[in-house]
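Geometric and topological summary
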Amino acid sequence: MKRIGVFVCHCGTNIAATVDVKAVAEALGHEPGVVISQDYQYMCSESGQNLVKNAIKEHNLTGVVVCSCSPRMHENTFRKAAASAGLNPYLVEIANIREQCSWIHKDIASATEKAIILGKAAVAKVHLNSPLTAGESPVVKRALVIGGGIAGIQTALDIAEAGFDVDIVEKNPTIGGKMAQIDKTFPTLDCAACILTPKMVEASQNEHITIHSFSEVADVKGFVGNFTVKIKKKARFVDETKCTGCGLCTEKCPMKKVPNEFNMGLDNRTAIYIPFAQAVPKVATIDPNHCMMLSKGKCGICSSVCSAGAIDYKQEDRFIEQKYGAIVVATGFNPINLDKYDEFAYNQCPDVVTSLELERLMNAAGPNGGTLLRPSDKTHPHKIVFVQCVGSRCDDSKGKPYCSKICCMYTAKHAMLIREKYPDTEVYVFYIDVRTPGKNFDEFYRRAVEQYNVHYIKGMVGKVTPRSDGKIDVQASDLLANEQLHIDADMVVLAAAIEPDKTARPLATMLTTQMDTNDFFTEAHPKLRPVESATAGIFLSGACQGPKDIPETVAQASAAAAKAIGLLVKNSITCNPCVAHSDELMCNGCSSCEKVCPYGAITYIDKEFKMPDRTIAVRRVASVNPAVCQGCGACTVACPSGAMDLSGFSNSQIMSEVDAICK
């Protein structure tokens, strides 16, 4: 006979304000097998845990139900408490009466009734719980960082500093990411390249770091501590080991009309190119879509001028496979596409640019050598209008519902730099409100207004119209003066919203980790585990989790590295004992479970069985590797014969919960 203890948490007023916790404890105290049922203000506190421990010892409990918050929050806390009192930790069940009752119901009676039902379901499951023993799995002491921007570089450097090998996989021909395209950084206005370039070089020279540039993650298998990753190294048509980065091939290439991605298409590059002077690795890459030798079989000049013999027109994509103990995602962000914003004439007028395009126009390594000129006629603009929140904080289908967080600050930076270098230029900034939540950020914005006389106007830009005389008519409203404005601008700069990189969604599928509705990776807990994903062994770094500025990105990158190092220093980790197992007598060998298993934990074996007529028959049955199984339960749902079951979440346990709810 089970002896079950029920403990109902007030969680301060988080639960107790909406759920009558004493009524819940009273009702659950009458359930079969429950020998003690009590409530407490903070069950997760030391006093609360001692309450559970003492009850286990005094009442000789064989099962515990804690009615509190989500099991993601404190299940491990109560399992540890039970284990310290001598009870198998997997005989503890959590009834989530906070997120599922008090946070979603306003009526106390309804919330209390639902809390009692959830508590009864947990008690019914505990009746069928059996002790489980966790095994151990070795940890591969190597990390993978996906993304070679400032977040990925910082993470890799920190992990390498701890003495572990790290691989960086970057989809572009060079590491550096968006920061390599930026001219100055706020709020210090120091040179972005001066900060980033030494880190890029340090990463390339670190003996523990291997950079796989122009590469993508093709497949991920395995689990925490033992991931197997297939990396696709795209064909550069240049031998990386031979190329010296001299650039002679890029000078001689006759195809010079290819839009330069690094300069946001504001100038052209050749078909064989090195993205920028400080690129790491500084190796040429041939664009097969524009190379005449690869597309038409004519030319071959780059090969003839390359004294190192690095050009290889027959090079093909190749795959490498490597094992890793931890994976850090640092896939970064991109500005949104502005094709839907016709009111700002972005596709009609070359002098309407995005903020990132303005960065390249102002950069010394940009298309104009650092002189700010209009893209249309290469003349100096004397009146520039900045439009804030283009695509950010939108409630329509065109934009994003969130604040992109960095636009207010980089617009203030642009305005200050322009006013400082070109004092004859008038600068207007149209904003909804100015958000400067960071150290020295508000002082920076106020400098733009007070010291550099930038005209900040609270209002919305309704329409931008290019005129035949080269001017741009900006029609806007000044909400404070309550008047309509028309500004004859020379340039318009749009602070476009940012969004996760397009590779994030398929990557999340491969990693079996979670994303939010905006395709940002979701952290395991926003406050307690902000750099860990819900999938063990997968960590988050930088803007892949949400919009961030550079200081915040670097801080999170180091935090993710610290978490990865904490995993890599272990020789082995405790496995989840809630794994699948197959009833071989019921298994019909259909392979349905094998096909849906995301971890490759299920294989099929031929096994001899004694049949009713005393003959021996060989049957094909499923076999689960408990070291690989992560207990996701996908196989139990897919199994048509009901042979597959999950320890700790068996079919009978789930049905007993359903029965308890339906009573």
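Up top is the structure.
Residues numbered from 1 in each chain as written. Predicted model: local features only at pLDDT ≥ 70, side-chain atom pairs only at ≥ 80, totals over all residues. Heavy atoms only, no water.

1. Some points on the environment of K607
Operational definition: Secondary structure elements are taken from DSSP: a helix is a run of H or I of four residues or more, a strand is a run of E of two residues or more, and numbering for both begins at the N terminus. Throughout this description, buried means an accessible area under 20% of the type-specific maximum (1.4 Å probe, protein chains only), exposed means over 50%, and partly exposed covers the range between. Note on contacts: a residue pair is in contact if any heavy atoms of the two residues lie within 4.5 Å. Any N or O atom pair separated by 3.5 Å or less is treated as a polar contact, with the protein-specific requirement of one donor-capable and one acceptor-capable atom, and with residues adjacent in sequence counted only for side-chain atom pairs.
The residue K607 is located in strand 34 (residues 602–610) in this model. Look at K607 and you get partly exposed, because its relative accessible area is 34%. In this structure, K607 is in contact with E584, A617, V618, R619 and V621, ignoring residues within four places of it in sequence. A distance of 2.8 Å separates a polar atom in the side chain of K607 from a polar atom in the side chain of E584.

2. Side note on the sheet that holds strand 24 (residues 461–466)
This is how it is decided: Two strands are counted as paired when DSSP detects at least two bridges linking them. Think of each axis as a best-fit line through the C-alpha atoms, taken over the contacting stretch in the case of a helix, with angles from 0 to 180 degrees between the N-to-C directions.
As summarised here, the arrangement of the 3 strands in space is 24-25-26, forming an open sheet in which the pairing is antiparallel. The open sheet is flanked by strand 24 and strand 26 (483–489), the only strands paired with a single partner. Strand after strand, the sheet turns through a mean of 20° between neighbouring axes, direction not considered. Examined bridge by bridge, strand 24 and strand 25 (residues 472–478) share 5 bridges and lie antiparallel to one another. Considered in strand 25, the bridge of K463 is made with Q475.

3. With respect to unusual backbone geometry
The step from F186 to P187 runs through a cis peptide bond, and the omega angle for that step is -5°. You can see P187 is positioned in the loop between strand 8 (184–185) and strand 9 (190–191). In this structure, P281 follows V280 across a cis peptide bond, with omega equal to 0°. Positionally, P281 belongs in the loop between strand 15 (272–273) and strand 16 (285–286). Located in the positive-phi region is C299, a residue other than glycine, with phi close to 110°. Positive phi, normally seen in glycine, also occurs at C389, with a value near 55°. Here C389 is to be found in strand 21 (residues 383–390). For C389, a relative accessible area of 16% puts it in the buried group.

4. What about helix 11 (residues 355–362)?
For helix 11, a buried count of 8 out of 8 residues is recorded, marking the element as mostly surrounded by other parts of the structure. Where helix 11 is concerned, the buried positions are S355, L356, E357, L358, E359, R360, L361 and M362. Against the buried residues of helix 11 lie strand 8, strand 19 (333–335), strand 20 (352–354), strand 21, helix 12 (407–421) and strand 27 (491–496).

5. Some remarks on the packing of helix 6 (residues 150–161) against helix 15 (residues 550–568)
A packed helix pair is summarised by two numbers, namely the angle formed by the two axes and the spacing between the axes. Spelled out, the test is: Small angles under 35 degrees read as roughly parallel and large ones over 145 as roughly antiparallel, with 65 to 115 read as roughly perpendicular and the rest as oblique. Crossing chirality is assigned from the near helix's rotation relative to the far helix, an anticlockwise turn below a right angle marking it left-handed and a clockwise turn marking it right-handed. Polar here means any residue other than Ala, Val, Leu, Ile, Met, Phe, Trp, Tyr, Cys and Pro, which are nonpolar, and Asp, Glu, Lys and Arg, which are charged; Gly is therefore polar.
Closest axis-to-axis distance for the helix 6/helix 15 pair is 8 Å, and the angle between their directions is 40°. On the basis of their axis angle, the class for helix 6 and helix 15 is oblique. You can see that helix 6 and helix 15 cross each other, and the crossing is right-handed. From helix 6, I150, A151, Q154, T155, D158 and I159 reach across to helix 15, where they touch T553, V554, A557, S558, A561, A564, I565 and L568. Residues belonging to the contact of helix 6 with helix 15 are distributed by class as follows: 9 nonpolar, 4 polar and 1 charged.

6. What about the sheet that holds strand 1 (residues 4–9)?
Across the sheet, 4 strands lie side by side as 2-1-3-4; this open sheet has parallel pairing. At either end of the open sheet lies a strand with only one pairing partner, and these are strand 2 (34–40) and strand 4 (92–96). Strand after strand, the sheet turns through a mean of 15° between neighbouring axes, direction not considered. Bridge analysis of strand 1 against strand 3 (residues 63–68) gives 5 bridges, and the strand direction is parallel. In the strand pairing of strand 3, V6 is matched with V65. Against the sheet, helix 2 (residues 46–58) makes contact with strand 1, strand 2 and strand 3, and its axis sits at roughly 170° relative to strand 2, the strand it touches most.

7. Here we look at the pattern of salt bridges
As a reminder of what qualifies: Any Lys or Arg side-chain nitrogen found within 4 Å of a carboxyl oxygen on Asp or Glu counts as a salt bridge.
Scanning the entire structure with this criterion turns up 30 salt bridges. A salt bridge links E261 to R269; the nearest nitrogen and oxygen atoms lie 2.8 Å apart. Using a relative accessible area of 47% as the deciding quantity, one classes E261 as partly exposed. Across the salt bridge formed by R269 and D287, the nearest N and O atoms sit 2.9 Å from each other. Linking R269 in strand 14 (residues 268–269) with D287 in the loop between strand 16 and helix 9 (292–296), this pair joins segments that are 18 residues apart in sequence. Residue R269 shares its accessibility class with D287, and that shared class is buried.

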